[in-house]
Every structure is written in C-alpha cells, then in structure tokens.
Amino acid sequence: MSEVDLRSSVDQGNLLCLSKEELIDRVKQLEIHVTQLRNVIAKSKNRESKKPFQRSFDFSRYNVRHVALKIAYLGCDYQGFAAQEDTNKTIEAALFEALVKTRLIESRETSSYHRCGRTDKGVSAFSQVVSLDLRTNLLEGKGVKCRENGTANERPGDKTVEIRYVHILNKVLPQDIRVLAWCPVDPEFSARFSCKRRTYKYFFPRGNLDLNRMADGAKKLIGDNDYRNLCKMDVANGVVNFRRTVLSVDLKQCEFKHRISETQIKSPKEVSSYQSQNSRVSDSVDSDKRNGVEAGGAIDCLGSCNSSYDMCELTVVGNAFLWHQIRCIVAVLLLIGEGKESPDIIDELLDVEKNPQKPQYTMASELPLILFNCEFDEIQWHYDADNREETIEQLQEMWMRQTVKSTMLRAMLEELTKDLHANEQILCQADGLVPGNRCRSYKPLLDRQKCESLESRVKHYTKRRKLDMNKEGIIKRS
C-alpha cells in the first residue's frame, strides 16, 4: 500500500469515529478553509496584476536595527490588528505594506517581528507596540545588527544620522493608523514578552447606570484570579490556564477628574494588600450616599447636573489579558449598573469551584474598547516633533467631524425631550453597548444556561487531537 493510500485509510478511519455533529462541524471548517484559500489566490493574482514596477533595492548595503514602534489606530473600520488570510483590512496588513513600500524591511518573515497585543475587530489602540528589525543608516549603536556578507561600511553617504522612521511611515500609512514614536532596543527585546503591564480603557455613556454599584463590583476584580467566567475560552488554541492578575481598576467620568474608584499598585507582590487599600474607596462612595447624593439623580456624586449624556471610562491594568476579557467584564458591570445584578456577582463568577461553568451572556460592544498603554522597562520613546504636530492636527480634524455629528444628535434629542416631565425622561444612552434584543423579563446570570466547562472542552479537543498532553501534564496545541 502506498503512503498516500495509507494516509487516506487512516483519515477515513478517523472520520468513521466522528459523530454526526462532529462531521457537520468538520465540513463547515473545511468550507471556511476553502473560501479562505480562494480569497488568498484571488488576492495574490490581483496583487500581481496591480503591482507597480519597482527598482530593485540592495538591502545588503544597510545594517538592520532592532527597534520598538509605538502605534495608534482607530479600529472601527478594520477586521482586527493581526493579519488574516482572507482579508487585507487589518492593521498589520497596512503596517507591513508600508514597511515594505518604504524599504524598511525585506519581508515580515525576516524582520524578527513581535506585537504586544492582538486587538480584535473594531478595537482601537493608542499605544500598541511592535518590535522588529528595520533598515538603518548606522554602522553601530543600540540594537544595530550587521548583515551577514553585508557591505554597509562601503556604502557612500551619511552613516551617523538615523532614518526618520516615524516620518516616512506616516507618509504612506492610512490616516487612521499613526506611528507615534520609536525606540532602539536590545536584540533580545520582544514587544510581547518584555511588556510589564497593559492598560485597557472602555468608554461608555452614563445613561441610567449606577456608577457607585459598578465601582463596588469593579474593585472585586483586582488581584490574581481565574477569569474563565469573564472571558471567551480559547481552548482550541491551547489556552487552558485562565489565571491572570488585574493590577488596578479605575472608573470615572471623562469630563471630571474626581475618581469614583481608584486602586493602583506598583508590583504584583502588592496584590495581597488590595482589599485593605480599597476600603477607602467604598468609604468615600458610602459617604456620598449618606449625604443624599445618589447616582442617576439630578445631582450625582460627581456634582454633575443632568448627567445621563456624560461619558465615563473604565480603566483596567494587568500583566496580560484573556480573549474578550475586558468586554465580558464590562457586560457584567453594566448589568450591575442597571440594578439587574448585585456587585457580589463578581465574587460568584470568580469562584470557579462553586461556578465552574460560565453562564451565557452577551459581551459588550467592541467599539468603545481601546488598548491605551503598554509599559516596558527602560524604554525612552523618540518623537518626531514635526510629525507629532501633524498627527495632532489630523486627530483634531477627526475629532471635529465626530463631535459635530454628536452635537447635532444631542440638539435633536434636546428638542425632542424638552417637553417631557422628569418622570417621563428616557435614559437609554447606554443600552446599545450590549448587542442584541433585550428581554422583557430579566433572568439572573446564575440561573441561565451554562457554557461547556473547561474540562469538557479540553476533553473534546484532546479527542479531536487539537491538543496534546506532554509528560509534565502540560497541554499544548497539536
């Protein structure tokens, strides 16, 4: 029997062991894969036909330099940050197109590329960081690496002034993707593995939300916990450890600097002291309540009048995050703010021994989410003064267009509601944050149908040979 026939019989034997549901799932996966391959072939042919003539470029005449780039982007029109086989509409695709076009790299494969975070479709970033090897004018310096058989020493021209990376990249990048700064780093530096902290922000309108209740729930998130009930489990890709450390949570109104809840630490070792530190937060909130100042009233705990249109922000800082963790957290906090769940629901969801299966609920929208900061040791960002001014002007123009639309809508709403009495006011500004239809009767989270347990999913994917267990008992993807 030939090798091809043997492989075919083995595959057929595997298929005979599958249930009807598993066979349907297999067919669906194959159909998706075929569609992706067709799109890749079509894009490849399209690129070849449209590819303009470019003179050859001798990269051997330049050394490379390992650098970090700080990137900001609005993700609402993109399919996510990471490159995908079936679409070019990603941040990474645009970034590498610019890097190749400006001859800063030969290809992604040879650039020693790492990214700090992988934001999903619609999610934005102000401080995404990538590390990679770029072409350099220099012969020596931090991060400079000589090419094998390179001739940089023989190249004519200035070898002491570095390439203006920020300037030339922003000339060819889309306006909603901006390189803010760059920094030379050691060859061992990785934007992914060298990151010490990541900060996410989620913006939302106040509406009829009780921010005090949300703050009470948010502070329970702090510490080292198993967040399997507050994320989307990605077991198929080998993620089976859902313990993460949330370093701080901050909830405030955007227009004011008075914070509703604030707990910050300097290192993971201080996690154990969180609960005692947070007592001052609840004391201050309780003090507001004792003084008759309740969220959602005419005057709330921040001293704001008619504040249902005020924008708020939730800031979460951690070492690393799970897939959709922030959006799941926000979804539960919104239920708390609406009075549908108690702040203690956070404790219940973090108790995975008592509640090992995640209740079914819809994640909050991706559009208000932004990767706001990525922190590293010994990073000194280099900003291009002229380019910084140009970026500010471009962002101000985008802000103007969006704010004009927002103000026009606000004027329309004011006109429509001016004759309504106080008890007739409609406060649904935050309702659209969770997609889907709202049920007339609310079903508590713990009473809802549950998702598959972690153990069940691991067993499922192990059976399908997508996961393997090594001798140490560590599960890995096949």
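Because the structure is predicted, anything quoted here is derived from the model rather than measured. (Residues numbered from 1 in each chain as written. Predicted model: local features only at pLDDT ≥ 70, side-chain atom pairs only at ≥ 80, totals over all residues. Heavy atoms only, no water.)

**Student:** Could you give an account of the overall build of the chain, naming the residues involved and the relevant values?
**Tutor:** Scanning the chain from N- to C-terminus turns up 10 helices and 13 strands. Expressed as a percentage of contacts within the chain between residues at least 6 apart in sequence, the contacts between residues at least 24 apart total 78%. About 27300 Å² of surface is accessible on the chain, with carbon and sulfur atoms providing 51% of the total. (Helix = DSSP H or I, 4+ residues; strand = E, 2+ residues; numbered from the N terminus. Contact = heavy atoms within 4.5 Å. Areas by Shrake-Rupley, 256 points an atom, 1.4 Å probe, with all protein chains shown as cover.)

**Student:** So what's going on with the pairing of strand E1 (residues 63–73)? Which residues, and what values?
**Tutor:** Across the 11 residues of E1, 11 count as buried, placing the element largely inside the fold. Residues of E1 alternate between two faces, with Asn 63, Arg 65, Val 67, Leu 69, Ile 71 and Tyr 73 on one and Val 64, His 66, Ala 68, Lys 70 and Ala 72 on the opposite face, all of them buried. The pairing of E1 with strand E3 (residues 124–136) spans 10 bridges and is classified as antiparallel. Within E3, the residue paired with Lys 70 across the bridge is Val 129. Bridge count for E1 against strand E5 (residues 177–184) is seven bridges, and the pairing is antiparallel. Bridge pairing in E5 links Ala 72 to Arg 178. (Buried < 20%, exposed > 50% of the residue type's maximum accessible area, 1.4 Å probe, protein only. Pairing = 2+ DSSP bridges.)

**Student:** So what's going on with the side chain of Asn 170? Residues and values would help.
**Tutor:** Note that Asn 170 resides in helix H4 (residues 165–172). Note on Asn 170: relative accessible area 5%, which makes it buried.

**Student:** How would you summarise the environment of Arg 457 if you had to cite specific residues and measurements?
**Tutor:** With respect to the helices and strands, Arg 457 occurs in helix H10 (residues 454–463). C-alpha of Arg 457 to C-alpha of Met 233: the two residues are 224 residues apart in sequence and 9.1 Å apart in space. With sequence-adjacent residues up to four places away left out, Arg 457 is seen in contact with Met 233, Val 235, Cys 451 and Glu 452.

**Student:** Can you break down the packing of helix H5 (residues 211–218) against helix H7 (residues 325–337) residue by residue, with the values?
**Tutor:** Angle between the axes and distance between the axes are the two parameters that describe a pair of packed helices. Between H5 and H7, whose axes approach to 8 Å, the crossing angle comes to 135°. Classified by the interaxial angle, the pair formed by H5 and H7 is oblique. The two elements H5 and H7 cross, and the hand of that crossing is right-handed. Contact with H5, carried on its side by Arg 213, Met 214, Gly 217 and Ala 218, involves Leu 333, Leu 334, Ile 336 and Gly 337 of H7 and no other residues of that element. (Axes fitted to C-alpha atoms, helices over the stretch in contact; angles between N-to-C directions. Parallel < 35°, antiparallel > 145°, perpendicular 65-115°, else oblique. Left-handed = near helix turned anticlockwise from the far one by under 90°.)

**Student:** Can you lay out the pattern of salt bridges for me, pointing to particular residues and giving the numbers?
**Tutor:** Oppositely charged side chains may form a pair once their charged atoms are brought near each other. Here the structure, examined in full by the defined rule, presents 22 salt bridges. Here Asp 224 and Arg 243 are joined by a salt bridge, their closest N and O atoms 3.1 Å apart. With Asp 224 in strand E7 (residues 223–226) and Arg 243 in strand E8 (residues 243–253), this pair connects stretches of sequence that are 19 residues apart. The shortest N-O distance in the salt bridge between Glu 348 and Lys 354 comes to 3.2 Å. Each of Glu 338, Lys 340, Asp 431 and Arg 438 takes part in salt bridges that share partners, so that together they form one network. (Salt bridge = Lys/Arg side-chain N within 4 Å of Asp/Glu carboxyl O.)

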